[in-house]
Amino acid sequence: MHRKAAQPGSASQKGRASKAIAVVTGLCLMVSLTGCDGFAWDSMWRKKDSAAGGYACPRPADMFQQGGFGGQEKEIRYYRHLGFKNDFFAQLELANRYAGINASDKNLEDYVESSVWLTMALTNPEGYVPMSRAMDPRGGAMASRFDKCRAYERARAYKMLDDQLSMMDSGEREKVRDRVTYVLSTMGAEGFRTLGRLYDKQYGPMGEPADNSQAIRANMRGANYGLSNARDLFERSDVDAYLYNYKASETGDVSAYVLLKDFEKSAPDRARYASFVESKAKRWVAPYEFYPPETPPGGVPHSDESVRDDGAAYALSRMDELPFIHVVRALDYLDILDTACFEPKDVPKQTIDALRGMTGQPSGAVLTNRDKVRAIQLAAVNGDSRSQLVLAVMYSEGVGVPVDYARAFYWYKQADKQGSPEARYAMSTYFDLGLQGVADQNKAESVVMQLDAALSGFRPSASRLQEVLSQVSYDPDGHGHGR
């Protein structure tokens with residue numbers, strides 16, 4: 001019996017990583033356990049699952065319990081909020097809901113989305129770091145039962161994921177990978193470290209320690225055992241592993257920097273990747289602008305519940321600096337606005353509800369700054385070149401979204417592909433400066449782009465990117481901010 005997953009990583013890497021994960025996760029779980037007073041959690045963990053014969057684990061409480069389609073949708077949003085915050089049991093619950101398990105109807109059934117949250121749960125340290133290492137010995141018996149219930153849940157999740165992936169084509173599997181990558185990228189250093197482990201061959205298939213029992217089982221080979229579909233979801237790559245560890249260190253997280261250095265030392269060839277991985281990392285953008293906005297088979301839009309930091313909150317507060325005409329044009333492109341609007345208060349409630357329905361958010365009476373950002377993002381991802389250009393400037397200037405030059409350059413390129421001379425001029429400034437490693441300095445390319453933009457009729461009064469925004473605001477038809 002071949003047990004590939006049992007190959008250990010470097011002692012330094014595994015020791016530091018395991019210790020850090022154990023301490024943080026232990027604290028989180030102890031907080032969760034102290035909140036269980038009044039519930040029979042102990043007997044719940046000991047109870048055998050009647051269908052599969054394992055340890056039944058707790059689940060987040062149903063906060064609404066309204067029943068029916070509307071109530072179910074609210075519960076999904078609640079679980080998604082917890083899932084984006086990396087709550088292990090909420091992720092499992094989401095996977096069950098999207099798989100239609102124990103559901104009276106199948107209107108939420110979506111196996112791609114179910115596989116996303118199974119993968120998220122399996123990559124989550126809350127699911128595999130032993131509680132007995134992080135708790136007071138006096139709580140050892142309770143922790144041992146909790147470890148067993150989580151081990152059972154992980155084994156079940158591995159099998160469920162493998163079965164679902166076995167029914168998917170390559171495109172659907174790519175969707176699963178992209179969505180997991182996006183969700184993890186919204187978690188900052190912790191999420192990027194998890195992505196690094198997913199591609200690191202010294203860890204288990206889902207980034208857990210290689211000697212984890214569920215990882216060993218998944219890596220077994222043979223017709224009657226092993227989980228090849230789950231095992232092969234993320235193809236092992238030292239370059240990808242290095243890239244995501246580098247992205248984690250870019251956030252300023254000290255432990256991520258230490259783990260990056262440990263990664264470089266963990267294999268003879270890894271240190272040499274530094275020279276070209278840094279360039280790749282600076283150009284890297286997440287697979288989605290926000291969580292996939294298409295309407296899923298169940299009809300309930302996938303809401304993006306990623307946690308925002310203070311920097312994102314500040315950027316959002318600057319949305320009033322953006323000329324409102326850009327929001328109006330985005331809403332018009334989305335075909336959900338049928339009246340002239342000059343200020344946010346002019347936007348009809350049915351337009352706000354339609355926009356929020358597209359992005360999986362509850363209805364409301366006031367157009368918020370978040371709504372304005374989503375309108376431009378949604379129009380951009382659906383091909384509106386003007387919204388693509390505006391979104392690029394927003395990323396360049398930190399208006400509505402945090403400054404991200406790689407993402408700004410990406411949207412300039414998308415607008416340029418549709419013939420936007422303003423986008424071409426803006427891109428020339430990147431090549432002129434060699435900005436933040438996103439675009440290598442190339443004076444000749446910069447001059448060509450500027451000339452091309454000028455010949456297309458775009459003549460900015462200054463070279464700053466903010467001037468692009470004022471040019472885009474110009475309405476040659478003289479209709480102002482209305483339709």
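Basis of the calculations
Residues numbered from 1 in each chain as written. Predicted model: local features only at pLDDT ≥ 70, side-chain atom pairs only at ≥ 80, totals over all residues. Heavy atoms only, no water. 1 Å grid on protein atoms, 1.4 Å probe; cavity = no way out; pocket = protein on both sides within 12 Å on 5 of 7 lines; lining within 4 Å. Points joined across faces, edges and corners; volume = space filled by probe spheres on them. Helix = DSSP H or I, 4+ residues; strand = E, 2+ residues; numbered from the N terminus. Nonpolar A, V, L, I, M, F, W, Y, C, P; charged D, E, K, R; others polar. Salt bridge = Lys/Arg side-chain N within 4 Å of Asp/Glu carboxyl O. Buried < 20%, exposed > 50% of the residue type's maximum accessible area, 1.4 Å probe, protein only. Axes fitted to C-alpha atoms, helices over the stretch in contact; angles between N-to-C directions. Parallel < 35°, antiparallel > 145°, perpendicular 65-115°, else oblique. Contact = heavy atoms within 4.5 Å. pLDDT = per-residue confidence, 0-100. Polar contact = N/O pair within 3.5 Å; in protein donor to acceptor, adjacent residues only side chain to side chain. Patch = residues over 30% accessible without salt bridge, like charges linked within 9 Å, V, L, I, M, F, W, Y side chains within 5 Å. Areas by Shrake-Rupley, 256 points an atom, 1.4 Å probe, with all protein chains shown as cover.

Caption draft 1: How the structure looks around the layout of surface pockets. When its volume is computed, the largest pocket comes out at roughly 1,200 Å³. Elements supplying a minimum of two residues to the lining of the largest pocket: helix H7 (170-185), helix H11 (238-250), helix H13 (274-283), helix H14 (310-317), helix H17 (369-381) and helix H19 (405-417). With 4 residues, the top contributor of residues to the lining of the largest pocket is H17. Classifying every residue of the lining of the largest pocket gives 19 nonpolar, 9 polar and 11 charged.

Caption draft 2: A look at the pattern of salt bridges. Applying the stated rule across the entire model yields 21 salt bridges. Its salt-bridge partner being Asp304, residue Arg374 comes within 3.8 Å of it at the nearest N-O pair. A residue pair is termed long-range when its members are at least 10 positions apart, and Arg374 in helix H17 and Asp304 in the loop between H13 and H14 qualify at 70 residues. Accessibility expressed as a relative area gives 7% for Arg374, which makes it buried. Given the relative accessible area of 5%, Asp304 is considered buried. Between Arg356 and Asp371 there is a salt bridge whose closest N-O contact spans 2.8 Å. Here Arg356 is found in helix H16 (residues 349-358), whereas its partner Asp371 is found in helix H17, with 15 residues between them in sequence. In the salt-bridge network here, residues are joined through shared partners; they are Glu75, Glu93 and Arg97.

Caption draft 3: Just the packing of helix H8 (residues 189-199) against H11, in detail. At a minimum axis separation of 7 Å, H8 and H11 run at an interaxial angle of 170°. On the basis of the axis angle, H8 is roughly antiparallel to H11. The residues of H11 that touch H8, namely those facing Ala189, Phe192, Arg193, Leu195, Gly196 and Tyr199, are Asp240, Ala241, Tyr244, Asn245, Lys247 and Ala248. Among the residues making up the contact of H8 with H11, the classes are represented as 7 nonpolar, 2 polar and 3 charged.

Caption draft 4: Structural detail: the confidence of the model for the chain. Mean pLDDT over the chain stands at 77; residues scoring 70 or higher make up 69%. Note on residues 471-483: pLDDT is under 50 here. Beyond four places in sequence and across chains, it has 29 contacts.

Caption draft 5: Examining the side chain of Ser114 more closely. Mapping Ser114 onto the fold places it in helix H5 (residues 111-123). Judged by its relative accessible area of 0%, Ser114 is buried. One polar contact links Ser114 to Gln164, side chain to side chain, over a distance of 3.1 Å. Apart from the residues within four sequence positions on either side, Ser114 is in contact with Ala95, Tyr98, Ala99, Met160 and Gln164.

Caption draft 6: Highlighting a nonpolar patch on the surface. A cluster of nonpolar side chains, namely Val254, Tyr257 and Val258, defines an oily patch on the protein surface of about 290 Å² accessible area. Assignment of secondary structure puts Val258 in helix H12 (residues 254-265). Residue classification places Val258 among the partly exposed positions, given a relative accessible area of 31%.

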